[in-house]
Amino acid sequence: MAEPSKVIHIRNVGHEISENDLLQLVQPFGVVTKLVMLRAKNQALLQMHDLNSAVNVLQYYTSVQPSVRGRNVYIQFSSHQELTTTDSPGWKSDQDSQPNRILLVTIHHMLYPITVEVLHQVFSPYGYVEKIVTFQKSAGFQALIQYQSRQSAVQAKSSLQGRNIYDGCCQLDIQFSNLNELQVNYNNERSRDFTNPSLPTEQRVAFAQMSNTAAIAAAFGGGLPPGVTGTNDRCTILVTNLNPEKVDEDKLFNLFSLYGNIVRIKLLRNKPDHALVQMEDGFQAELAVHFLKGALLFGNRLELNFSKYPSITPAADTHEYAGSNLNRFNNNAVKNYKYCCSPTKMIHVSALAQDITEEEIVTHLQEHGTIVNTKLFEVNGKKQALVLFESEEQATEALACKHASTIDRSTIRISFSQLQSI
């Protein structure tokens, strides 16, 4: 691995992934000062404001597989310590950056709190401010301010650089940012999109029925996965393009319960490749749709959409799971959010018997695909295993078929691992 650097190298960046998608991936950890999309190589280089922010990104995504628009991306430190003009055609360093409509503002000697309203009051005399995002970093309080026009940003920088917001304190240090567009998800005292006043104030709209709102957000590294709004209130998912010969309610339960508690599941008799899955709340349903859309199961690529029905009516042909002790989010729900991800090639098997062997695990799982590697280990005196399959589809089938199955009188638990190798 390259030595730690402010610059992060991201691989497998498909053409459907935008700059904003990548910004959402890392912005919970700190301010992004530079971003270069290397489209020809399906890669990107991204520079954080300081080394500590970059280290936090890498530490978090070592245990959590980053996924953008359903595609797994791979993150490592770049061999570059700084992005300079030689890294990409037309790229400019901070010292000679081109005038841009987005300003990066650092506030020194901040003796009084600075809110979005205060910043808007200071910067709006120079032109229409579209968006403001603020961050608290070890280097100080920082903000990104997006004007409608570049001319307004140039005038504001020229007029305000080095000035104090209040007498003797809150000094403005202003640079041009190299970002093209700010991504704002919430209108509150920390961020504001003045072009979209209808944005929610917080993601806790969907968390109303949950405790520990902040802890749930923290489980995702301080913010929600890119593309997850946290404001969905629809609990029922319509799953289509299933393989009707191989799928059943329990297999769907095993897969969907990775993202939240399942209330009930119904296979549609008149449409054998359709099913309805009712989750405990809208946030969990949104996670399932986000992470499983396009996943391969029994040779078919799943299609997921929110159902027009708010719930599944209990009937003879519905399977009830509301009281099941196999639901994964009954205890320590916040911890389980940390493990939510798209399907990977690696599964994590827990609740194993103490005298279990790797051979027994392989024998139990090998019908679902080629097992490349296994590792048996112990955590707090409990046996666990990692099993690496040849493909995500094989690992997904193993999880769907063998979660909650029994090996040597122990009911095992299976989830996807976000580790990339054993």
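Computed from a prediction, not measured in an experiment: that's the story for all the values here.

Student: Would you mind showing me how to read the overall build of the protein here?
Tutor: Helix and strand counts for the protein come out as 10 helices and 25 strands. With 422 residues in all, the protein has 54% of them scored as buried. Contacts in the protein between residues far apart in sequence, at least 24 positions, make up 70% of those at least 6 positions apart. Accessible surface for the protein amounts to roughly 19100 Å². Of this, 46% is attributable to carbon and sulfur atoms.

Student: Which parts of the structure should I look at to understand a negative patch on the surface?
Tutor: Taken together, Asp355, Glu358, Glu359 and Glu360 make up a surface patch of like negative charges. By secondary structure assignment, the location of Glu359 is in helix H9 (residues 358-365). Note on Glu359: relative accessible area 58%, which makes it exposed.

Student: Quick question: what am I supposed to make of the side chain of Asp281 here?
Tutor: Following the sequence through the fold, Asp281 ends up in the loop between strand S15 (275-279) and helix H7 (282-292). Arg234 provides the closest opposite charge to the buried, unpaired Asp281, separated from it by 12 Å. One polar contact links the side chain of Asp281 to the main-chain amide nitrogen of Phe283, over a distance of 3.0 Å.

Student: I'm lost on the sheet that holds strand S18 (residues 303-306) in this one. Help?
Tutor: On the basis of which strands lie adjacent, the open sheet formed by five strands has the order S18-S13-S15-S14-S19 and antiparallel pairing. The sheet is open, and its two edges are formed by S18 and strand S19 (318-320), each paired on a single side. Strand-to-strand, the axes of this sheet are offset by a mean angle of 20°, without reference to chain direction. The sheet contacts of H7 involve strand S13 (236-240), S15 and S18, and relative to S18 the element is tilted by about 155°.

Student: Explain the pairing of strand S20 (residues 346-350) to me, please; I cannot follow it from the model alone.
Tutor: A regular strand carries its side chains on alternate faces of the sheet. Within S20, five of the five residues are buried, leaving the element largely enclosed by the surrounding structure. Alternating positions in S20 separate into two faces, Met346, His348 and Ser350 on one and Ile347 and Val349 on the other, with burial throughout. With four bridges connecting them, S20 and strand S22 (residues 382-389) associate as antiparallel partners. Considered in S22, the bridge of Val349 is made with Ala385.

Student: Got a minute to help me understand the packing of aromatic side chains in this structure?
Tutor: Remark: the centre distance and the inter-plane angle together describe each pair of aromatic rings, the angle taken between the planes. This model, assessed by the stated rule, comprises five aromatic pairs. Arranged with centres 4.5 Å apart and planes meeting at 15°, the rings of Phe253 and Tyr321 form a pair that is stacked. Placement of the pair is Phe253 in helix H6 (residues 249-256) and Tyr321 in the loop between S19 and helix H8 (333-337), with a sequence separation of 68 residues. Neither residue differs from the other here; Phe253 and Tyr321 are each classed as buried. Centroid distance Phe283 to Tyr337: 5.4 Å. Interplanar angle 55°. Geometry classified as tilted. In this pair, Phe283 sits in helix H7 while Tyr337 sits in helix H8, placing the two residues 54 residues apart along the sequence.

Student: Help me out: how do you make sense of the side chain of Thr236 in this one?
Tutor: Here Thr236 lies in strand S13. Polar side-chain contacts of Thr236 include one of 3.5 Å to the backbone oxygen of Tyr309. A polar contact is formed between the side chain of Thr236 and the backbone oxygen of Pro310, at a distance of 3.0 Å. Apart from residues no more than four positions distant in its own chain, Thr236 is found in contact with Leu276, Val277, Gln278, Asn305, Phe306, Ser307, Tyr309, Pro310, Ser311 and Ile312.

Student: Just to check I follow, could you spell out the pattern of salt bridges for this structure?
Tutor: Pairs can form between side chains of opposite charge whenever their charged atoms are close. What the rule picks out here adds up to 12 salt bridges. Asp21 is paired through a salt bridge with Arg69; the nearest N and O atoms lie 2.6 Å apart. Pair noted here: Asp21 is in helix H1 (residues 19-26) and Arg69 is in the loop between strand S4 (67-68) and strand S5 (71-72), with a separation of 48 residues, a long-range link. Owing to a relative accessible area of 52%, Arg69 belongs among the exposed residues under this scheme. Arg264 is the salt-bridge partner of Glu320, the closest N and O atoms lying 2.7 Å from each other. Taken together, the residues Glu320 in strand S19 and Arg264 in strand S14 (residues 262-267) connect sequence positions 56 residues apart. Classification of Arg264 as buried rests on a relative accessible area of 13%. If you follow the salt bridges from partner to partner, you end up with Arg101, Glu130, Lys131 and Glu181 in one network.

Student: What is the right way to read unusual backbone geometry from this model?
Tutor: Only a minority of non-glycine residues have a phi that is not negative, and only a minority of peptide bonds are not trans. Positive phi outside glycine occurs at Asn241, with the angle close to 65°. You can see Asn241 is positioned in the loop between S13 and H6. The residue Phe298 is not glycine, and still its phi comes out positive at about 55°. Within the secondary structure, Phe298 is located in the loop between strand S16 (296-297) and strand S17 (300-301).

Student: Looking at this structure, how should I read the state of the cysteines?
Tutor: The bond known as a disulfide is covalent and runs between the sulfur atoms of two cysteines. Throughout the structure, instances matching the rule amount to zero disulfides. Take Cys341: it sits in no disulfide, and the sulfur closest to it among the cysteines is that of Cys340, at 7.8 Å. A relative accessible area of 2% places Cys341 in the buried class.

Student: Mind showing me how you'd approach H1 here?
Tutor: Working note: α-helix, 3.6 residues per turn, so residues spaced by three or four point in the same direction. Among the eight residues that make up H1, six are buried, leaving the element largely enclosed by the rest of the structure. Residues of H1 that are buried include every one of Asp21, Leu22, Leu23, Gln24, Leu25 and Val26, and no others.

Student: In this structure, what is going on with the environment of Glu117? I would like to understand it.
Tutor: By secondary structure assignment, the location of Glu117 is in helix H3 (residues 116-123). For Glu117, a relative accessible area of 40% gives the class partly exposed. When the C-alpha positions of Glu117 and Glu189 are compared, they lie 7.3 Å apart, and in sequence the two are 72 residues distant.

What counts and how
Residues numbered from 1 in each chain as written. Predicted model: local features only at pLDDT ≥ 70, side-chain atom pairs only at ≥ 80, totals over all residues. Heavy atoms only, no water. Helix = DSSP H or I, 4+ residues; strand = E, 2+ residues; numbered from the N terminus. Buried < 20%, exposed > 50% of the residue type's maximum accessible area, 1.4 Å probe, protein only. Contact = heavy atoms within 4.5 Å. Areas by Shrake-Rupley, 256 points an atom, 1.4 Å probe, with all protein chains shown as cover. Patch = residues over 30% accessible without salt bridge, like charges linked within 9 Å, V, L, I, M, F, W, Y side chains within 5 Å. Salt bridge = Lys/Arg side-chain N within 4 Å of Asp/Glu carboxyl O. Lys, Arg positive; Asp, Glu negative; His and termini not counted. Charge placed at Lys NZ, Arg CZ, Asp CG, Glu CD. Polar contact = N/O pair within 3.5 Å; in protein donor to acceptor, adjacent residues only side chain to side chain. Pairing = 2+ DSSP bridges. Axes fitted to C-alpha atoms, helices over the stretch in contact; angles between N-to-C directions. Phe/Tyr/Trp six-rings, centres within 6.5 Å; stacked < 30°, edge-to-face > 60°. Disulfide = S-S within 2.5 Å.

Just distances and angles here, no functional claims.
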